Each structure stands twice: as structure tokens, then as C-alpha cells.
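Listed here are the chains, written in short residue letters.
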Amino acid sequence: MEIIVCIKQVPDPEHLQLDPHTGTIIREGVPTIINAADKHALELALQLRQKNGGRVTAISMGPPSAAEALKEALAMGADMAALASDRAFAGADTLATSATLVALIHKLKPFDLVICGYSSLDSGTAQVGPQVAAILRIPFFTAVQKADKSADIFQVEVVMEDGNLVYETTLPALLTVGRRINRPRGIRLSEAKKARSKELLTFDLQSLGLTPDTVGGKGSKLSMVEKIPLSVGKGAEMIIGEPEEISGVIYGKIRNIGLGIQGGI
Amino acid sequence: MNFKLNEDQEMLRKAARSFADEFLADYVSNIEEKDEMPKEVIEEAAARDFMGITIPEEYGGLGLGHLARMILLEELSRVSASLGMLMQVWHLGIHPIVRFGNEEQKMKYLPRLATGELLAGLAVTESTGGSDPTAIQTEAVRDGDDYVLNGRKVFITSSHLSNVVGVLAKMTGEPQSFTLFILDKDCPGWRPGRQEKKIGFKGSNTGDLIMEDCRVPASNIIGNIGDGLKVGLNSIGEVGRAGMAGVSLGLLSASLEKAVKFSNERTMGGKPINKFQAIQFKIADMYMDLEISRLLAYKAAVMADEGMRCDTEMSMAKYYSSEASIRCAKAACDIHGSLGYMMENPTQRFLRDSFLTISSAGTTEIQQMVVGRAAIKQFS
């Protein structure tokens, strides 16, 4: 199987700081990590390769420093990596990001599977995976819990709020995965030692055949115009009872404010 | 002079840190509570190739050297000094075979030590004390193709875990003829004895090794008869002291990080306590201690990698970093106030653990003697 894994380099949440004026994340001088869910995506890819053979390619869009995240992916066991990096890509919304990643994927064709993290720690939109699939016109599955190939059948199990659904799909397809699917392997020192001799390709606007108006801030369809700070309520509600009762009440409250499924991914 | 780690060393740090933060950290409270290192932690560390970091590639290791090992121990000990200590001693036990072993011994042991299938150890100290190895009582006497060993080693790290142990003995009737033997599971007559209960380093097993008419083939002698002190002291000087410096670096980092985190969160008079000079000065001293220790330890490790004599530098690194680890653990406790003394807070663990860095691999006074003698020689 030829598997492509999308990796995003994000600020380390342990060192997360917000600009007090703009409310945006400060990225300069902050340590970075591979987006947590993307490590699970890479682990799934490595497991599928182990079972079915083939190759795993890690890709990313970002500044030149994003190569660090790709080098880590190579040290974890990816066979090769490719980075889309150009000043023109800066300020991209999810659609412009997806368009750039698709251009990069076209350079790496053919492929059987694209795997992405469900969402990123810094933006959390969960849009890029589905958008990449839509542009590529391939089937996609989000919040995948299990994925396996036997003979010519590729089976995918996805998390729903009240249980899981099992699908069979044709390939190529795109999957997004969360943190419950597996436990990512760490970096084995012997793999890390090999990583430096693996291929890490870099593409810019021109080599991807893109134009400035389709990528980055210029190619973005939306922009944030205002940030409304979260209103902080006053006082506290004491919930009294046995632990089971208390957890039931808290669960109900979380559901009532519209949170639920993400906790299960 | 280049103070920047290269790409491979940075990746090694990342590999060790991700193991420590994402895997090892989940086990720390369990290790403290049960005073045992879980088997799965040892297996995972082995799967990530940590055991073979100093073993040459031709024997199944990675051959990454002393600086790489220092970085690894620092990162492990930042989260669990106990695993850092065990790892350092496994490497210590490997060293005599790598440095002084013959080809047959290397082929027999190193590939399986590199994978963690076998765990190494080094047993020198006896109840007569560790600082004077010439006072040991363990004796070896020739019997056909074997030697028969009798004696008892004490305060041996990994005594109940290691299965390939270098043991220092003196030859019966030749009190100055010290020899290092490799004991493995095929040598009948040795067993772990009492297991110590320590105030810190929970999960890092320390105990006795007992030899009763233990038969060791003559082919298991490292170097020659009479080389034992040279082999043992070189291993302790280059690898044991370096290892304790690495463990101390981890404790220093952990104390500093925890102190800074708490001082950002804890407020007094409406502002974080690290806005007050009293706290800033403590943090400044901790940071200086970490950086000085790191410079000394990395320099000594680089010298070892380049094949330079570095016993004085290793002693300086071990002396400074171990004393600094106590100072900084205490400062971290102080910054936390009463919270620093509570079992729920890791600062008490840093303090308990830091005390053992002094006596392990030579006390502060032994290091002072090494450094003092070197200074007197150089500046006379």
C-alpha cells in the first residue's frame, strides 16, 4: 500500500501562549511538536504497511522549520517525507491549506490511502482531512476507530455517538483518526539513526504548479474579523451526591452545551 | 568550540524525551508506590534501543557514544531518576566487556545486552565500603578450567534484575591480584540476597549478590588476572560517574521546570510569585547550577568520545552535578512552600532521589580527592 500521512507542526500546548491583544496563538520562539492526532495517523499507516507492505510518506505544509516534524516522522518509521513550503502559503485558511496539500499529493501519486489526524491542537477545525478528500474526489471517513485490509477489501470502523459503524470502501480513500485508535510507537534509536539517509523533498509554489491567488491568505475564502472573548460566569454550582450521580450530572451538562462526540475520538 | 548539538543528537533527545513524557510518566506513581520497575517499562526501553547505545554496531548496538548516553540519561531521569539509575548501571555493566573484553566475550554477550534480552551489572562494593576496592573480601581460587568464587557484594544496583554481572574478586593467596569475572546464568552458585529499602530511587533495585562456591569458567575473566582494579576503576570513572552526572542533570531539569511552573501559577498579592526577586534569585541559581553541570558533564562526555583521558573531568561533573541536584531539589521544595513537602508533589521525590547521587559511583569527597590531586599535579 502507498500511504500518505498528513502531519502538522503545532506549538507545544505545554508552552502555549496567547497574544493578549489579538487573542491569537504566539508561534515565534515556542517549542513545537507533531500534532497529537497526527502521530496516531502515522502509527496506523505504519501498522498497515507492516501488514500489507508498501510505503509510508509523511507530508506537511508549513515554514521551513516544519521539516523538523517530518524528520521526526521519518525517525518514527516513515519511508520518505515531502514538505510544501513557500512564503505564499502563509495565512492560509483550511481550504487553501487543503488545496496546497492536494497539489503536494499529486506530486507523490499514485497512492492508496491518505491518513490525517482528526483535528489539530492549535486550530481544531477538523476540516482539512475532509476537504483534501473532497478536492481529490475520493471517499473519506472521519473519527476512524479501526482500519484493516484483507484481500481486496478495505474495511473502516468509525465512531458514532451511540456505537460504531463499519464500512467497506474502495481505494484510494482518506481517513481521519483520533487518539483512541492506537498508541503511537516512539522513536527507536535505530530508526532515528536511519532517518537522516531518508528522502525529504521540498516543494515551493512554482514546483507545485500553483499560483499565488489559490494559496495562502490570498487563496483563502474566509478571514477572522473579530474575536469575542469567552464570557466568564460568576459563582459556582456545587453538585452533591455519590460519584456516579455527580458524574451523570456533569455528563448531562457537557452534552447540553453541545460537547459530546469529540470526547470519544 | 561548538556548543550546538548536531541533528542526530537533537533527534536522540527528542526520542528519549518522547519516551519519558509519553510513556514513562504514566508509570511513575506506580513505581513509587510498589518500589518496583514494571517489566513493560524495561521492555519498552529496550525496544527503543536504549540498552545498546554504547555497544558498537558490529555487536548489535548503536555505537552512539558517551555524549549520546549522557543526553539519554538526562532525559530519562528528568521523569524517573529510578529508570535513569537502572539504565546507567546496565550501561556500566556493559562497559568492561566493550572496552576490555575479548572477541569471544563480545560476541557471546553484547548482541543480547543490546536488545535487553540480558541485563548487565557491575559488583565491586562490599561491606568493607565502596571507596576502597582493595579492601574487598571476595576470593577466587582456580579449580581445573574454572575459578570458584566466594563472597558477598552489597549495595549493588540492579542486583535482582541483572543476569550478566562483572564481579571484582581477589585471588586466594595473592591479596593484590584483583580480577574481574563475568557471572552469567550458566555459572552455578550465585544469587541475589537481601534487597535494600531506600528513602528514594524507588523501583531502582539495590541489594546483595551472594557467591557460594560459584563456578566461573576461566574464559569469563575480563582482561587478565590482576587487571581487575584497572577494569573496574576505569568503568566506574568513565561510565559510572558519567552516568550519575546524567542522572543528576535529569533531577536538576525536573526541579527547575517544576519550580518555574509553580512560580508562574502561584500568586501572592495578585501577581505570580516569580515576579518577586526572592523567587527569581532562587530560580537564577537553579538555572546556573543546571547549565554549569551540563557544561561539565557534556565536556567530559565529549572527551571520552574522543578517546581523551577524562577521569578528572568526569569527577568534576559528577561532584558538581550531584551536589547541585540536592541544592536545586531543596530550592524547588522551598519555592512550593508546604506543598513541596507533600507526597502528592514530585519535588519531595526529587529531594529524596538527589541524595543517592552523592554516594553512588564515588562520594563527593572521593571526587574532591581526584580533582585535588589533578590540580596539585598540574599547578605545582
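Residues numbered from 1 in each chain as written. Chains lettered and ligands numbered in written order. Predicted model: local features only at pLDDT ≥ 70, side-chain atom pairs only at ≥ 80, totals over all residues. Heavy atoms only, no water.

### Side note on the pattern of salt bridges
Residue and element names in this part refer to chain B.
Moving on, step 1. Under the counting rule described, the total for this entry stands at 42 salt bridges over all chains.
Moving on, step 2. Residue Asp184 is joined to Lys108 by a salt bridge in which the shortest nitrogen-to-oxygen separation is 3.6 Å. One end of the pair, Asp184, is in strand β5 (residues 174-184); the other, Lys108, is in helix α6 (residues 103-114), with 76 residues separating them in the sequence.
Moving on, step 3. For the salt bridge of Glu126 with Lys153, the shortest nitrogen-to-oxygen distance reads 2.7 Å. (Salt bridge = Lys/Arg side-chain N within 4 Å of Asp/Glu carboxyl O. Helix = DSSP H or I, 4+ residues; strand = E, 2+ residues; numbered from the N terminus.)

### Points about the environment of Ser98(A)
Residue and element names in this part refer to chain A.
Moving on, step 1. As for its placement among the helices and strands, Ser98 is situated in helix α3 (residues 94-107).
Moving on, step 2. We classify Ser98 as buried; its relative accessible area is 0%.
Moving on, step 3. C-alpha of Ser98 to C-alpha of Gly219: the two residues are 121 residues apart in sequence and 11 Å apart in space.
Moving on, step 4. Sequence-distant contacts of Ser98, defined by excluding residues within four places in its chain, comprise Val128, Gln131, Val132 and Ile135. (Buried < 20%, exposed > 50% of the residue type's maximum accessible area, 1.4 Å probe, protein only. Contact = heavy atoms within 4.5 Å.)

### Focus: the nonpolar core
Moving on, step 1. Formed by 100 residues in total, the largest nonpolar core has its most connected members in Ile3(A), Leu113(A), Ile115(A), Val144(A), Leu175(A) and Met87(B).
Moving on, step 2. Counting residues per element, this core draws most heavily on helix α8 (residues 277-305) of chain B, at ten residues.
Moving on, step 3. What Ile115(A) contacts, discounting residues up to four positions off in sequence, is Ile3(A), Ile4(A), Val5(A), Cys6(A), Ala41(A), Leu44(A), Ala45(A), Leu48(A), Leu175(A) and Val177(A).
Moving on, step 4. Leu122(B), Phe201(B), Ile222(B) and Ile236(B) belong to the second largest nonpolar core, which has 34 residues in total. (Core = buried A, V, L, I, M, F, W, Y, C linked by side-chain atoms within 4.5 Å.)

### Some points on the interface of chain A and chain B
Moving on, step 1. Facing 15 residues of chain A, the contacting portion of chain B comprises 18 residues.
Moving on, step 2. For the chain A and chain B pair, buried surface summed over both sides reaches about 1,600 Å², with 53% attributable to carbon and sulfur atoms.
Moving on, step 3. The closest approach of N and O atoms between Lys193(A) and Glu57(B), which form a salt bridge, is 2.9 Å.
Moving on, step 4. Run the count over chain A and chain B and you get eleven residue pairs in polar contact (both at pLDDT 80 or more).
Moving on, step 5. Sorting the residues of the side of chain A that touches chain B by element identifies α2 (67-76) and α5 (189-195) of chain A as the ones contributing at least two each.
Moving on, step 6. Its residues placed into classes, the side of chain A that touches chain B shows four nonpolar, two polar and nine charged. (Buried area = accessible area lost by both parts, 1.4 Å probe. Polar contact = N/O pair within 3.5 Å; in protein donor to acceptor, adjacent residues only side chain to side chain. Nonpolar A, V, L, I, M, F, W, Y, C, P; charged D, E, K, R; others polar.)

### Digging into the packing of helix α7 (residues 228-265) of chain B against helix α10 (residues 347-354) of chain B
All names here are of chain B.
Moving on, step 1. Contact geometry of α7 with α10 gives a least axis separation of 10 Å together with a crossing angle of 155°. One way to sum up the angle between α7 and α10 is to call them roughly antiparallel. Helix-helix and strand crossings are classified by hand; for α7 and α10 the assignment is left-handed. Between α7 and α10, the contacting residues are Leu251, Ala254, Ser255 and Lys258 on the first element and Thr347, Phe350, Asp353 and Ser354 on the second.
Moving on, step 2. Residue composition of the contact of α7 with α10, by class: three nonpolar, three polar and two charged. (Axes fitted to C-alpha atoms, helices over the stretch in contact; angles between N-to-C directions. Parallel < 35°, antiparallel > 145°, perpendicular 65-115°, else oblique. Left-handed = near helix turned anticlockwise from the far one by under 90°.)

### Structural notes on the pairing of strand β10 (residues 173-177) of chain A
Every regular strand shows the same layout, with side chains that alternate between the two sheet faces.
Residue and element names in this part refer to chain A.
Moving on, step 1. Taken across its five residues, β10 has five buried, putting it largely inside the fold.
Moving on, step 2. Where burial is concerned, the two faces of β10 agree: the one with Ala173, Leu175 and Val177 and the one with Leu174 and Thr176 are both buried.
Moving on, step 3. Taken together, the five bridges between strand β6 (residues 113-117) and β10 define a ladder with parallel strand orientation. Paired with Gly117 across the two strands is Val177, which belongs to β10.
Moving on, step 4. Bridge count between strand β7 (residues 140-150) and β10: three bridges; the pairing is parallel. (Pairing = 2+ DSSP bridges.)

### Some remarks on α8(B)
Moving on, step 1. Between its first and last C-alpha atoms α8(B) spans 41 Å; for 29 residues at 1.5 Å apiece the expected length is 42 Å, and the two agree.
Moving on, step 2. Positive phi shows up at Gly307(B), right after α8(B), with a value of about 75°. (Expected span 1.5 Å × (residues − 1).)

### Description of the packing of aromatic side chains
Moving on, step 1. The tally for this structure, following the rule as stated, stands at five aromatic pairs over all chains.
Moving on, step 2. Taken together, a centroid distance of 5.4 Å and an interplanar angle of 45° make the contact between Phe141(A) and Tyr167(A) tilted. Placement of Phe141(A) in strand β7 and of Tyr167(A) in strand β9 (residues 163-169) is noted, with a sequence separation of 26 residues between them.
Moving on, step 3. On the basis of relative accessible area, Phe141(A) is assigned to the buried category, the value being 10%.
Moving on, step 4. Looking at Tyr167(A), the relative accessible area reads 36%, which means it is partly exposed.
Moving on, step 5. Look at Tyr147(B) and Phe181(B): their rings are 5.4 Å apart centre to centre, the planes differ by 55°, and that puts the pair in the tilted class. Of the two residues, Tyr147(B) is situated in strand β3 (residues 146-157) and Phe181(B) in strand β5; the sequence distance between them amounts to 34 residues. Phe181(B) carries the same exposure label as Tyr147(B), and that label is buried.
Moving on, step 6. One residue, Arg327(B), lies across the ring of Tyr320(B), its end atom 5.3 Å from the ring centre. (Phe/Tyr/Trp six-rings, centres within 6.5 Å; stacked < 30°, edge-to-face > 60°. Lys NZ or Arg CZ within 6 Å of the ring centre and 35° of its normal.)

### Topic: the pairing of β6(A)
Moving on, step 1. With five of five residues buried, β6(A) is to be regarded as a mostly interior element.
Moving on, step 2. A two-sided burial pattern is seen for β6(A), the buried positions comprising Leu113(A), Ile115(A) and Gly117(A) on one face and Val114(A) and Cys116(A) on the other.

### Section: the sheet that holds β6(A)
The strands that make up a sheet pair up through hydrogen bonds in the backbone, lying either parallel or antiparallel.
All names here are of chain A.
Moving on, step 1. A sheet is described by the order of its strands in space; here nine strands give the open sequence β9-β8-β7-β10-β6-β1-β4-β5-β11, paired in mixed fashion. At either margin of the open sheet sits one strand with a lone partner, and together these are β9 and β11 (199-203). Strand-to-strand, the axes of this sheet are offset by a mean angle of 30°, without reference to chain direction.
Moving on, step 2. Here α2 sits on the sheet and contacts β4 (55-61), β5 (80-84) and β11; the angle it forms with β5, its principal contact strand, is near 165°.

### A word on the side chain of Thr138(B)
All names here are of chain B.
Moving on, step 1. With respect to the element layout, Thr138 can be found in the loop between β1 (120-123) and β2 (139-143).
Moving on, step 2. Looking at Thr138, its side chain comes within polar contact range of the side chain of Glu126, at 2.5 Å.
Moving on, step 3. When neighbours within four sequence positions are excluded, Thr138 is seen to be in contact with Glu126, Asn150, Gly151, Arg152, Lys153, Leu168, Ala169, Lys170 and Met211.

### Here's the deal with α3(A)
Residues and elements named next belong to chain A.
Moving on, step 1. Its 14 residues give α3 an end-to-end C-alpha distance of 20 Å, which sits within 8% of 20 Å, the value for a rise of 1.5 Å per residue.
Moving on, step 2. Counting buried positions over the 14 residues of α3 gives ten, a clear majority of the element.
Moving on, step 3. Taken residue by residue, α3 has Thr94, Ala96, Thr97, Ser98, Thr100, Leu101, Val102, Ala103, Leu104 and Ile105 as its buried positions.
Moving on, step 4. Looking at the buried positions of α3, the neighbouring elements they touch are β1 (2-6), β4, β5, β6, α4 (128-136) and β11.
Moving on, step 5. Backbone nitrogen of Leu95 and a side-chain oxygen of the N-cap are separated by 3.2 Å at the start of α3; the cap is Asp93.

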